[in-house]
Structures are given as structure tokens and as C-alpha cells.
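# Fold and contact review
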Protein chains: 4
Amino acid sequence: MIIILKKNATEESISRLEALLQNKGVKANHIAGANQNIIGLVGDTSHIDISNLAAQECVEDIKRVQEPYKNANRKFHPDDTVIEAGGVKIGDGSLQIIAGPCSVENEDQIMTTAIACKEAGATMLRGGAFKPRTSPYSFQGLREEGLKLLIKARQETGLPIVTEIMSQSDLDLFADIDVIQVGARNMQNFELLKALGRCDKPILLKRGLANTLEELLMSAEYIMSEGNMKVILCERGIRTFETATRNTFDLSAIPLLKQKSHLPICADPSHATGIISLVDPMSLAAVVSGADALEIEVHNNPKIALSDGGQQLTPDMFKATMDKIKGLCGYLNRRIG
Amino acid sequence: MIIILKKNATEESISRLEALLQNKGVKANHIAGANQNIIGLVGDTSHIDISNLAAQECVEDIKRVQEPYKNANRKFHPDDTVIEAGGVKIGDGSLQIIAGPCSVENEDQIMTTAIACKEAGATMLRGGAFKPRTSPYSFQGLREEGLKLLIKARQETGLPIVTEIMSQSDLDLFADIDVIQVGARNMQNFELLKALGRCDKPILLKRGLANTLEELLMSAEYIMSEGNMKVILCERGIRTFETATRNTFDLSAIPLLKQKSHLPICADPSHATGIISLVDPMSLAAVVSGADALEIEVHNNPKIALSDGGQQLTPDMFKATMDKIKGLCGYLNRRIG
Amino acid sequence: MIIILKKNATEESISRLEALLQNKGVKANHIAGANQNIIGLVGDTSHIDISNLAAQECVEDIKRVQEPYKNANRKFHPDDTVIEAGGVKIGDGSLQIIAGPCSVENEDQIMTTAIACKEAGATMLRGGAFKPRTSPYSFQGLREEGLKLLIKARQETGLPIVTEIMSQSDLDLFADIDVIQVGARNMQNFELLKALGRCDKPILLKRGLANTLEELLMSAEYIMSEGNMKVILCERGIRTFETATRNTFDLSAIPLLKQKSHLPICADPSHATGIISLVDPMSLAAVVSGADALEIEVHNNPKIALSDGGQQLTPDMFKATMDKIKGLCGYLNRRIG
Amino acid sequence: MIIILKKNATEESISRLEALLQNKGVKANHIAGANQNIIGLVGDTSHIDISNLAAQECVEDIKRVQEPYKNANRKFHPDDTVIEAGGVKIGDGSLQIIAGPCSVENEDQIMTTAIACKEAGATMLRGGAFKPRTSPYSFQGLREEGLKLLIKARQETGLPIVTEIMSQSDLDLFADIDVIQVGARNMQNFELLKALGRCDKPILLKRGLANTLEELLMSAEYIMSEGNMKVILCERGIRTFETATRNTFDLSAIPLLKQKSHLPICADPSHATGIISLVDPMSLAAVVSGADALEIEVHNNPKIALSDGGQQLTPDMFKATMDKIKGLCGYLNRRIG
């Protein structure tokens, strides 16, 4: 950590700062610049609150040098983390395809869709039972009933299931779910993250609409600091000024997260773009960028879908995309599943 | 709602769309453009899911004409909503000043700060007991103990208290709190919003970092649709590309929200800027822009604050700012408190 | 175009609006909604100024239905445009690789780099002679001398050259350049665009840092409306809240622009990410997304580069990336060059 | 400047870096951290190119400590700059009101508007002769003829005139203009900035849509480094994800720029919001925030305006706003004009 001192800082105020730093167990190292004096801190600074230092009289600015995350940091854990979920492995070099509808709507819909997804080559099943909707007047999901239908679909297809949790008070209902998803809007619902850190299930953590990669890793850290190391990061598009797509797919996040962290990375081209015709090219782009998994919305009949109709693939479209993904994985020597 | 048809849409697919619309109780009105045919919907469209229409074969794009919020909409409730909280009124033309520390840290700190705030002219007391922190390694708040200290400070000063909730499972603990705050990171924690909609307390709803004004109003709608009409909206800065300030204070949101909604509006210049020296001018700017309340962070000794030290005013600074606010309110004929 | 009327609009003010519309040669089509009355315009609306309508008394809001660009619009020109530049073709299904240094620095540098790029498989040479730098104290480019060195490098290698113009007053100097580049900061320098529209050279038009795809197409329209139809669009990253990368690479813009326009698309992973290790994966991602060309910064010795040292590949790195691109193009059946 | 070294940097590569730094005349000061070694640079680093250092083998990251602008920096010029333009002074504590139409359209329009503006209390006249329009099919301005009409309006009213330049090749035409405006889209048109730096006229420099305050100051530095110190900075809204307003008015930029720079600051609430009803409150907010000038669009008949009709005030609206501004300035003891 680097502290930049005010030009007119008094010696007395600097002494007070030094005493404070000594108290916190770090050593101050002075550097006199041409127009600015700075202090470099020697020692572990991960427990120091930047805003506390910023409140000191003589301080103009502070710059952090070290990443604030430890458990999620590749520097301290060079090997890739591999997460097992319902029999498949995420992060071992293979590609997992998580497919299924935006929402679980009824038994026929989820069964038909799950079977079609499996036939096309999906290796995991997604489906929303608890639905975060912008409007209270939109379909809110089948909730507990939806979870039961997902489990039924797993029995039928053998596909491990991924579904979203919206509140820690529902956690008991997820006992038989393979991967628990945290949605973008809950990425900084810290109470939920802590609760998930105390369970023993793989967590698919989606990046928030306006959250940096560092904040995503800090949210992973929340889960990991409570003991659960099975976190899968997911890039699903960020909010920018561009409105031609639902979000802006930050594809370079995938290789960059791979460098910064040992955790597996999933990409969600459906939410990232919100446009059916872009799911195909963005899926291929995510694969060549190194994603460990793709999450793709597929619905047996999008025209009557209760949510996100406009971005869900039909089984036929999904099959066409899967065929391209299979070809590409063949070329890249990556196993699917 | 306006539906833009694909150039090559078949008559058959358009007929199917019309049947679907008829089913939903709205009438289709065709308009033939030079290069584009469109359908205008006549009737109440608030229950129609745009993504469902977007999934129909003949549809190229859809544009909404009507606001999707009703309870929060000034069109349907022309008069300003006035909310009473612990004896003060928010939204009746007066200005309320909610001041206090970022976090409640200990009895001495909250008492000293509360008394100083009251002396300077604050009319309500803020203080975080449950603290949403980016890092799991940062101070997480005194939680239940913090709420008790706030109540003690209210007994001492008479100031109604405002404090943040982070999970609906803590709601019982807030029984004796005057205003429950929903933080920016929980603005779309829909389960929490619904729970708050079923209680009978004023809710201070902060705008999310990357949320539009329409989304803020939709989150208010979540609370209101469950029966609780006492929602105060709060502009606290949005996330943009600019890093010179902690957030970008979207001040024009204040008069614009006033036009769109009848709910009272609060401004939080402390979080919006994150810079002590900007709290003073932005407080004045919020007052002339029509804010019903200001939320300002004040700490009896920011240098030892456990969070946000760099943006909390000292009691002396707060007093200086309050003096300017009082002068300005005098000029504007607005009562404080 | 759809005009949404104010709830309390008087009949008189609506009549005035209708007269105005009739004057402009479009017909007003009324639709009475549940809470809102709207007018749909029938006829060609591309010449109507939205802000002029917005100024009318009875108008609440206006929504455009038709794209405001014509020459660049695929709807009116379904076939892909193929642009020839110095012997290579851009947009015919092949992939062009434009490689070279950020800045032309001296003869040895540009020659050595150009030869290395060609050997690795580049099909065009880039190099900045006129350099847009944030700081007036940074290297501003060799200017006219730089253009001469590029021409010399073309003589040596046979690679057509691409280089940036910063002012229409320099246009004569570009007479012997194969492709003239317009940088992101000049995407809406409309006087420059018009001047380029009157010349007969291919223009590589980079998307501005905060410009939408529609604005990019409107800037292409500026060039095309003056007669020059040879415009290549270039996605080079947009500015967002994320600071981990220099910009955010909006990859989905590539297939989306392909849908909206018939113009060829280039991708610039060097500027989009600003990070050497991301150029390789983002190049591959751009290829599978359908880019017609890649622009990649390569320097014979980045450590002594006068600009952008941190994002330029060494010739060895570029060769390694080119080998992957060649393999991928082989798999995809796309010719390079 | 702080250089963060890679964890596994070799001694040899560090020695090479040190030699490079010595060559550039700065001294390296080593600090050994717990997990990271860093180098602090002692001496003037304003001429060092960060990307050059970033290209060195042992370098992980670089953080700048010192601002890269000098002429515009308040640290080196503590006193406010006061700029005289056509008889009025900007930056001396007074408030200047620059009012007038978006575009000069014809003699009657500019005369009528100018007279109305003056009567309401404006102290300077604005009007666009060269118009940057997103679409080539929109009105592009009267150009030279527009400048002549402005000069005529100045003769009639005595108001100094402010108008936009779009190309350095037009500079001679601006010989009799009082203040030359650089529009947001040209903020980083560096060739234009340099040309303006070599003339002796006040320049009103508008912040770009996606430019940081530091970049705005660097563009001012471009002008100043060529010798012209008369730069007025202008906040006119930035582009964010919010679409309810045309731009997001970054009001806190005003006091922050005042801290960082000695240059006078103008605010443009018309472009910042794009909504007539917000111009009034945002004007007042800019005044209490410390703006030295306001630029407000006024048109004698917005309903027939050739551009920006929806955000131009009528003379009556402007008068009402001016009356509030006068009252507020009276309270604040600020002279208008």
C-alpha cells in the first residue's frame, strides 16, 4: 500500500500517521518525490482499511498494490481448482454445457426441454424456480414446486441441476440441488454469500451488472472465507451505455479471471446479449477464450415462455449451436462433459 | 406498447400474434410505415411480458409507451406523499437532515456523534449496525448490539433513527427502528423488498449502483405492491467510468423523480461523492434541486472510524455545512425538521 | 416513428402537431391506449428531427422505429460489401491481419517490425504517423516522415498500409496510403468524416470510446453520404466502469454489426484490452465471431517503444498467436489474406 | 510514480529497469512488501511514459502519484485564473450567463432571441454556426453566414459571443468571435486543440461524453502548452447507463475541478439533461456548487427550432429561471455579469 502525503502536511500529523501504522503492524518507508512525498508500507496490509487511512490529516490519496483477496487469488494457489457437481467436473480442462429454460414453468415444459437439451449434448440442466424479476407484476417462479420439478428432470435425464437461490432462508430447500446459483443482483448480498459459505455445495456466482472483476473475486472470497471453496465464477454481461444488446458481454474477463484466480469460469451468452442470434457466436467465442462452462437458455417453446422469451433458444437452435461447439471442441482437443 | 414487425413477416405469423394479443385482452392497431409495419396496442399492457412478445416469429422489436409502475407513479397519484417517521414528516416541503456515522462502533462514539449532530441541527440519526462491506475481512458492524445503541441514542437525543437492513430474517430486530434503509447493493434483493412491503415502517430505498430511475421505481413498486406505501427514494450516486469521485452524483434524478413519482426523495452526498470536501457543495445543490431529505455521514472522530473514514464529516465540518443549509433554507422559505 | 401524447394534451395542440406532420409529408395515425394516446407516423421519417417534434406542446415522448442510417443499412443492401485495398480484399469471407507498431518510430523499427509481421503471416501493415496522445508531453508521432517510412516498408514487404489521419488538412499527405484510419477520438469529428467521404480510399472507422453501434453506423453514413462507400467498421473496446482492462471489448458488436450493416468489420484486441496476454484469446474470439479483419499491435522491441509499450506483442508472441489463428482459420475454412 | 514488480522478477531484469530509470533522470527507491516488491520514483516523472515502463519484463503494474498536468494544476498556480472576454470577466467570483439558441437559424431568430436573452439578464450570447450532428441528414448549421449573424446580434445587444469551432481550418473565420467553444465530441481532437493553443482567444472547452476530469484537464493542457492560457472548462453531462436524461450531469465535477485547477468552470444544464424542466433546478444547483458561468439554450420559438428543440427554453421560461438565479445570487452575494 502506498500513501501519498499532502504537500503541506505537518511533521506532527505525519508522526501521528506513523504511530497509527506501527500500531497496525506495518512499517512506513518514506520516499521524497519532486512534488510529492509518499510512504510505502512494508508488511501484510490486507487487514488495513483504506478509508481509515484516508481520514488521517496528512493523507492526500492511497493506492493499493496488493490484491485484497487471498483464497481466490492464483498467486497463493497456482493450480486450477476443479469442482465436482453431480458427477461432472468443472475446471479440469473439459467444457460443461449448462442448458435449460429461464424459468421452470410446469412438468411438461421442464421435462421436454431437459430431454431435448440432453440429446443435443448438454451436460447439466439449468432452470429458475425462484425468479428475480424487475417487476412485481411479472411471473415470480414456481419456487419450491420448481425445485421438485428440476429434481424430477434430473431423475429422468441424469443431468446435474443448477438453480438460483434468492434468500438464505430458502437454503434448506436446496439440499438436493447440485449447484446453487447466485444471480447478478445478489452478487453483493453479503448475508446470502456468508450463508452459502457455510454449506458444502458448489456455488455458481454471477458477476453483478456493475461490478468489477475485483469485486466479483471479493464476493467469491466471502463464500470461501466461510469455508466453502467450491466457487464457479460467471461472466454474464455488464451494464454499459450501449443499449443495442441487453448487456455488454465482457469476454476478456474470462482469460483475465483465469490469470487472477484459480477458480473455474462459466460464461452466460444468453443474459450477456439478450439476443438469440448472438448466443451462437458468443458461445464459440467463450470456448476459444477458455471458459470452463457455458450456461445457455433453451426452452421447448419460447413463444409461450413465462420469462425471457426473446433470448431462449429453441431445441433446434440449441442443437445447431451444440454441433458447432462440438466441432470446435474437437479441433481444440477439449472434452465436453 | 408498440410492436415493430419484421419486414418479411408472414401473414400467418402476424395472425398468430394477433390471436395471442386478443387472448391477453388488448387490441391490435395496425400502422403501415414506409419501410416498417407496426402494431399499436390499445388497452392496459402493464401485465404483458415484453420478452414473451419478443419471442414471437414476426416481431422485430417492441417499445413500451406506458410506465410499468403504478403505485409509485405520479400520473395516478398527483399529490405528494408525506411520510411520518418518529415524529418528523418527510415530503411535506420541509427538509429533513439525517446525520450520523457510517457504522455504529460503540456507545461513546454513537452518543457523542448523535448529540453533536442534533446540536448542529440534524433532525434524524443514521448509523449502520449491519454493514455491507466489499471485503469479508472488513468490519461487519455490531449488528443487534448496534441497533440497541441506536435506540439508546434516540432516547438521549430524541432523534428518530434510520438504519440499514441486510436480510429479511433480521426484520424482527427492527421493530423499534423508525426508518429501515435498503442499501444500494440490495435494491434488487426482491425477497427482502417483498418482506419490507409486508411491514408497516417507512423504507429508505437507495438507488443501486447501476440501476436506472425506472428500476428504482420498480423496486419501490415491489414494496408498495405488498401494501407498504411509505417509501422514500434515495439518490446516492451511480457507477460510471469516472474514478475521481467514488460514484457519480446524479443530481438531476431528484427533480426528475419528483416529476415521475409522488414519493419523497432523499439525497446522500456522502456516498455519492466519497470526498469530504464535496459533501458541503453537493448538500446545497441537493436542497435547491428539491430534495426532501439529506443523509450525511458524520463521525465524532473520523480518523479512528472503522469504516468510510475518508468521507465522514467531523462535527465541526457538519456544523459549518448545516449553517449554510440553514441559511439557504431560510432564503428558500423551507423549514428544517 | 411513434409520438406519445401528454395525458392532458388539448385538441388544439394536437391539431397543430398534425398540421406540422402533414407539412413534413407524413400521415398521423391515432391509437387510443388505456392511459396514453399515441400517434404512429406513416411514411418516410428519416428526414424528421426528433427534437423538433419533442418541442411541440402536446408531445410527451417520441420513439423511433426505423434506423436513421440508409447507406450503411443491410435492410437496403443485403449483400456484403467487399473492399479492395492495395491488393487484398476485406469482407469477402477471408481474414485480413493488420499488424504493426503503435507508432512509426524510425526506419529500422518499422522495417524490422514489418518484415517480422509479414513472416508471421500478417497481410497488411499498420503504424501510426500522426498520434493522438492524451498528454501534449507524450510523443506525437513522426507525422509526414512517418508516412514516408510506411511507404518504404510497403515497398520492402508488399504489405498494404493502414495509418491514422487526425485532421482533414493533412488529407493530401495520405494520397499513397492504402487504408486511412479514423481513430476512436475522431469518430464524431464530422468535418473530417465529410472530407473522407469525398476521397476515394478505404476508411477504417474506429468506434468511439462511448459511442453506440448506431452512432458508429451514423458516422459511417457521414462518409457514405458524401459518396465514399468503402468503410470498414472497427470495434476497439468501449469505456465502462471496469478498470482491469484498458477498455471493455464489446465482442458481440461484431455479429450484431454484421446483421445491421453490410460493411466489413475489423476487431482491434490490442486497444480493446490493453493487456498483452489478452490479445491472443481475444483474437481467436474475434475470428469465431465473424470479424473480417484483426488489427494487432506488434513492435520489434516493445521495451523501448515510444507509445503503448505495454500492449504491443513482440514478433515471437505475434508468431505464436498467428499460428493459432492459422489453425483456427484452417478449421473454419477461412482463407487468410 | 510507483512501480510494482512481478513476484518472480529476476535481479537482472530489475537492474535493467533501474538503468532505464537512471537514464530518464529519476532515482529508484526500493520497498520490500510482504508479498510484493515495489519501486518508488524520486524526481520529476511528468515526462515518463507509463506504457514504456509497463513494457519492461519485471513490471507488474504502475501507479501514478503526481498529476500529469502542470499548466492547469492548482498546485502550481494557487490563484484563480480570471479570463476577460468581450468586456466580461469569467472566474472573478461573478456569474456569467451565456444564453442563446442551439443553432443560429436566420437573422430574425438570432436577433429576437438575443434581445430576449439580454432583457432577461444574460451576459453573453451563444449560438451554433457550425453544428456537430449525429446524422448527416440533419441541419448542419449556417456556418460562415451564422458567424456573421452572431456578430450582428452582438452589435445590437452588446453581448459578447460564444460559438463552436469544428475544424482548425475554419479558425480564421473566428477572428471576431469573443469565446471559441470546443464541443464535447472534439475534446480530444488534438490537432484542433493545438491550433487553438496558438491563438489568443478564450476557449470554452467542453468535457467529452466519456472523458474523465483528468482527461479534460489534459486537453486544457494541450491548449495551454502551446501558449494560450485562457481556457474555461465546461461540464455538460457524461454518458452513463441511465437513459432517462440525455446525459448524466456530473455536478460534483464543478467543485472538484475548482480544487484541482485554477481555471474557471462553466456548467451547461441544457445539454447535461436534455430536458427543459430540469434546466431550471440544475442551473440553481450549478450556481450553489460554485460554477463561474452557465450556458443555457434559449430559442425564441423552440417549436420550429432546427435542432435540439426539446431542450431549449422559451424566452419566458428563461426569464423565470433568470429571476430565480438573480434571487439566489443576491442571497449568495454573487454579481451577475
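The model shown is predicted, which means the values in this text are computed figures rather than measured ones.

Turning next to the overall build of chain A. The helix and strand inventory of chain A stands at 10 helices and 14 strands. Dimensions along the principal axes, computed over C-alpha positions, put chain A at roughly 75 × 45 × 40 Å. Looking at chain A as a whole, 66% of its 337 residues are labelled buried. Counting every atom, chain A has about 10,800 Å² of accessible surface; 48% of that belongs to carbon and sulfur. Where the 37 positive side-chain charges of chain A centre and where its 42 negative ones centre are 2 Å apart.

Across the boundary between the two partners, chain B contributes 47 residues, which contact 47 residues of chain A. Roughly 4,000 Å² of surface becomes buried between chain B and chain A when both sides are summed, with 47% attributable to carbon and sulfur atoms. It is Tyr 137, Glu 191 and Lys 303 of chain B in chain B that bury the most area against chain A; as a group they hold 16% of the surface buried on that side. Where chain B touches chain A, the interface holds six salt bridges.

Okay, helix α7 (residues 253-260) of chain B next. With six of eight residues buried, α7 of chain B lies mostly within the body of the structure. Those residues of α7 of chain B that fall on the buried side of the exposure criterion are Ala 253, Ile 254, Pro 255, Leu 256, Leu 257 and Lys 258 of chain B. Packed against the buried residues of α7 of chain B are α6 (213-225), β12 (231-235), β13 (265-267) and α9 (276-288) of chain B together with α9 (276-289) of chain D.

So, on to the interface of chain D and chain B. Note: interface size is frequently given as the accessible area lost on complex formation between the parts. In this complex, chain D contributes 35 residues to the contact, which on the side of chain B involves 35 residues. Scanning the region where chain D abuts chain B turns up two salt bridges. Among the ionic pairs, Glu 242 of chain D bridges to Arg 207 of chain B, the shortest N-O distance being 2.7 Å. On the surface where chain D and chain B come into contact, there are 10 residue pairs in polar contact (both at pLDDT 80 or more). Those elements that place two or more of their residues in the side of chain D that touches chain B are α7 (253-260), α9 and α10 (315-332) of chain D. For the side of chain D that touches chain B, the residue count by class is 19 nonpolar, 11 polar and five charged.

Glancing now at the environment of Asp 316 of chain B. Residue and element names in this part refer to chain B. When you line up the elements, Asp 316 lands in helix α10 (residues 315-332). Exposure remark for Asp 316: the relative accessible area of 65% places this residue in the exposed category. Separated by 74 residues in sequence, Asp 316 and Glu 242 place their C-alpha atoms 30 Å apart.

Moving on, we get to the packing of aromatic side chains. Residues and elements named next belong to chain A. Scanning the entire structure with this criterion turns up 10 aromatic pairs over all chains. Note on Phe 190 and Tyr 222: the rings are 4.6 Å apart at their centroids and 25° apart in plane angle, and the pair reads as stacked. One end of the pair, Phe 190, is in helix α5 (residues 190-197); the other, Tyr 222, is in helix α6 (residues 213-225), and 32 residues separate them in sequence. With relative accessibility at 1%, the residue Phe 190 sits in the buried group. Lys 70 extends its terminal NZ or CZ atom over the ring of Phe 76, reaching a point 5.9 Å from the ring centre.

Inspection of the entire model under this criterion finds zero disulfides over all chains. With no disulfide of its own, Cys 329 of chain B lies closest to Cys 266 of chain B among cysteine sulfurs, the gap being 14 Å. Residue classification places Cys 329 of chain B among the buried positions, given a relative accessible area of 1%. Free of any disulfide, Cys 234 of chain C has its nearest neighbouring cysteine sulfur in Cys 266 of chain C, separated by 4.0 Å.

Residue and element names in this part refer to chain B. Strand order in this closed barrel of eight strands is β7-β8-β9-β10-β11-β12-β13-β14, and the pairing throughout is parallel. Direction aside, neighbouring strands of the sheet carry axes that sit 30° apart on average. Relative to strand β9 (residues 161-165), strand β8 (residues 124-126) is paired through two bridges, and the arrangement is parallel. By the bridge assignment for β9, Arg 126 is matched with Val 162. Packing against the sheet, helix α5 (residues 190-197) makes contact with β9, β10 (179-182) and β11 (203-206), and its axis sits at approximately 165° to β10. In this fold α9 packs onto β13 and β14 (293-297), with an angle of close to 170° to the strand it touches most, β14.

Below, the discussion takes up the pattern of salt bridges. Applying the stated criterion across every chain yields a total of 109 salt bridges over all chains. The residue Asp 80 of chain C makes a salt bridge to Arg 74 of chain C at a minimum N-O spacing of 2.6 Å. Notably, a salt bridge pairs Arg 246 of chain D with Asp 308 of chain D, separated by 3.0 Å at the nearest N-O pair. In this pair, Arg 246 of chain D is assigned in the loop between β12 (231-235) and α7 and Asp 308 of chain D in the loop between β14 (293-297) and α10, connecting sequence segments 62 residues apart. By relative accessible area, Arg 246 of chain D is classed as partly exposed at 42%. The class for Asp 308 of chain D is buried, based on a relative accessible area of 12%. Several salt bridges share partner residues, and in doing so they unite Arg 126, Lys 206, Asp 268, Glu 295 and Glu 297 of chain A into one network.

With that out of the way, let us pick up the confidence of the model for chain A. Of all residues in chain A, 100% have pLDDT values of 70 or greater, and the mean over the chain is 94. Across the interfaces of the predicted complex, the ipTM metric reaches 0.93, alongside a pTM of 0.94.

A separate point is unusual backbone geometry. Unusually for a residue other than glycine, Asn 333 of chain C sits at a positive phi of about 60°. Within the secondary structure, Asn 333 of chain C sits in the segment after α10 (315-332). Here Asn 333 of chain C falls in the exposed class, since its relative accessible area comes to 73%. At Arg 143 of chain D, a residue that is not glycine, the phi angle is positive and equals roughly 55°. Along the chain, Arg 143 of chain D falls in the loop between β8 (124-126) and α4 (144-157).

Superposition of chain D onto chain B requires a rotation of 180° combined with a translation of 0.0 Å along the rotation axis, giving an RMSD of 0.0 Å. Both chain copies can therefore be described as sitting about a two-fold axis. By C-alpha distance to the rotation axis, the residue of chain D lying nearest is Ala 285 of chain D, at 2.2 Å.

Turning next to the environment of Lys 24 of chain C. Residue and element names in this part refer to chain C. By secondary structure assignment, the location of Lys 24 is in the loop between α1 (11-23) and β2 (27-32). Distance from Lys 24 to His 47, taken between C-alpha atoms, is 8.7 Å for residues 23 residues apart in sequence. Setting aside residues up to four positions removed in sequence, Lys 24 forms contacts with His 47, Ile 48 and Asn 52.

Another point: the packing of helix α5 (residues 190-197) of chain D against helix α6 (residues 213-225) of chain D. Residue and element names in this part refer to chain D. At their nearest, the axes of α5 and α6 sit 6 Å apart, and the two run at 45° to each other. When the axes of α5 and α6 are compared, the pair comes out oblique. Along the contact surface, α5 presents Phe 190, Leu 193, Lys 194, Leu 196 and Gly 197, while α6 presents Ser 219, Tyr 222 and Ile 223. A breakdown of the residues in the contact of α5 with α6 according to their chemical character gives five nonpolar, two polar and one charged.

Conventions adopted
Residues numbered from 1 in each chain as written. Chains lettered and ligands numbered in written order. Predicted model: local features only at pLDDT ≥ 70, side-chain atom pairs only at ≥ 80, totals over all residues. Heavy atoms only, no water. Helix = DSSP H or I, 4+ residues; strand = E, 2+ residues; numbered from the N terminus. Buried < 20%, exposed > 50% of the residue type's maximum accessible area, 1.4 Å probe, protein only. Areas by Shrake-Rupley, 256 points an atom, 1.4 Å probe, with all protein chains shown as cover. Lys, Arg positive; Asp, Glu negative; His and termini not counted. Charge placed at Lys NZ, Arg CZ, Asp CG, Glu CD. Contact = heavy atoms within 4.5 Å. Buried area = accessible area lost by both parts, 1.4 Å probe. Salt bridge = Lys/Arg side-chain N within 4 Å of Asp/Glu carboxyl O. Polar contact = N/O pair within 3.5 Å; in protein donor to acceptor, adjacent residues only side chain to side chain. Nonpolar A, V, L, I, M, F, W, Y, C, P; charged D, E, K, R; others polar. Phe/Tyr/Trp six-rings, centres within 6.5 Å; stacked < 30°, edge-to-face > 60°. Lys NZ or Arg CZ within 6 Å of the ring centre and 35° of its normal. Disulfide = S-S within 2.5 Å. Pairing = 2+ DSSP bridges. Axes fitted to C-alpha atoms, helices over the stretch in contact; angles between N-to-C directions. pLDDT = per-residue confidence, 0-100. Least-squares fit on C-alpha atoms with pLDDT ≥ 70 in both. Parallel < 35°, antiparallel > 145°, perpendicular 65-115°, else oblique.

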